[in-house]
Amino acid sequence: MNKNVEFALAARRGIAVVAGTVLAVGVAAAGAGVASAAPVTKTLSYTCAFPLIGNGQVSTDIAVTLPDAAVLGQPIEATDFSATVSVPEETVNGFDLLGAATVEGSATVNAVVTDGAGAAQDVVMQDLPVPSTPIPESGPLVVTAAGPVPAVTPDAAGDATVAVADTFTSKLTPKKADGSDTALGTFDLTCTVDAGQDLVLGTVPVADAAVAHRS
């Protein structure tokens, strides 16, 4: 088989894991916190720049629990984060030609927490592991990922807004059934959120420490 065709097929497969982890971590970027509320769920689409085959789109379902309140000077905590990515069967078809049985790697995801005064803090989750994911013989490839999120402490009282950043990167490696690499080897992938979507996951009311103490 033409080596360029093999590379293209492998690149398509990489999307699943990438989006899965990447987006997954981005959501939880809120940090580490106080009381917990009902889970937040959101579906976002990303366009990823795959090697050789060009741009491709993926859909990611994000779930995370944000605290229902926080106190100024204390970190905000996001918990129960997960991201589930579903890759359409048509994207998965033909990957068997490359001989890949699983995909694994790592992802770096960013999120943004904006405090009540409008000051934004970037939260970087670097090299989050992407667990080995079996490639199905038929149907969509579904990948679920989760990972730790650095704590974020707002500098001002008011509503702190937690949002997903507009890009994420991933390093993926398709593997054969015997654990060896495919012809594609390990490749880097950059994904960008499609325009027109609301990236906000939720808001956390942050009370002034003195007010919180009196209450």
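Look up: the structure comes first, before these words.
About the criteria used
Residues numbered from 1 in each chain as written. Predicted model: local features only at pLDDT ≥ 70, side-chain atom pairs only at ≥ 80, totals over all residues. Heavy atoms only, no water. Core = buried A, V, L, I, M, F, W, Y, C linked by side-chain atoms within 4.5 Å. Buried < 20%, exposed > 50% of the residue type's maximum accessible area, 1.4 Å probe, protein only. Helix = DSSP H or I, 4+ residues; strand = E, 2+ residues; numbered from the N terminus. Salt bridge = Lys/Arg side-chain N within 4 Å of Asp/Glu carboxyl O.

Colleague: Is there a simple way to explain the nonpolar core in this structure?
Modeller: As a rule of thumb, nonpolar side chains are buried together in soluble globular proteins. In this structure, Y46 and L189 are the most contacted members of the largest nonpolar core, which totals 39 residues. Among the secondary structure elements, those contributing two or more residues to this core are β1 (35-50), β2 (54-71), β3 (79-87), β4 (102-114), β5 (120-134), β7 (158-175), β8 (187-193) and β9 (200-207).

Colleague: Just to check I follow, could you spell out the pattern of salt bridges for this structure?
Modeller: Pairs may arise between side chains of opposite charge once their charged atoms sit close together. As enumerated under the stated definition, the model contains three salt bridges in all. The partner of D198 in a salt bridge is K42, and the shortest N-O contact between them spans 3.6 Å. With D198 in the loop between β8 and β9 and K42 in strand β1, this pair connects stretches of sequence that are 156 residues apart. Relative accessible area serves as the criterion here: at 18%, K42 is assigned to the buried category. When the shortest N-O distance is used, the salt bridge between K175 and D181 registers 2.8 Å. According to the relative accessible area criterion, K175 is buried, its value standing at 19%.

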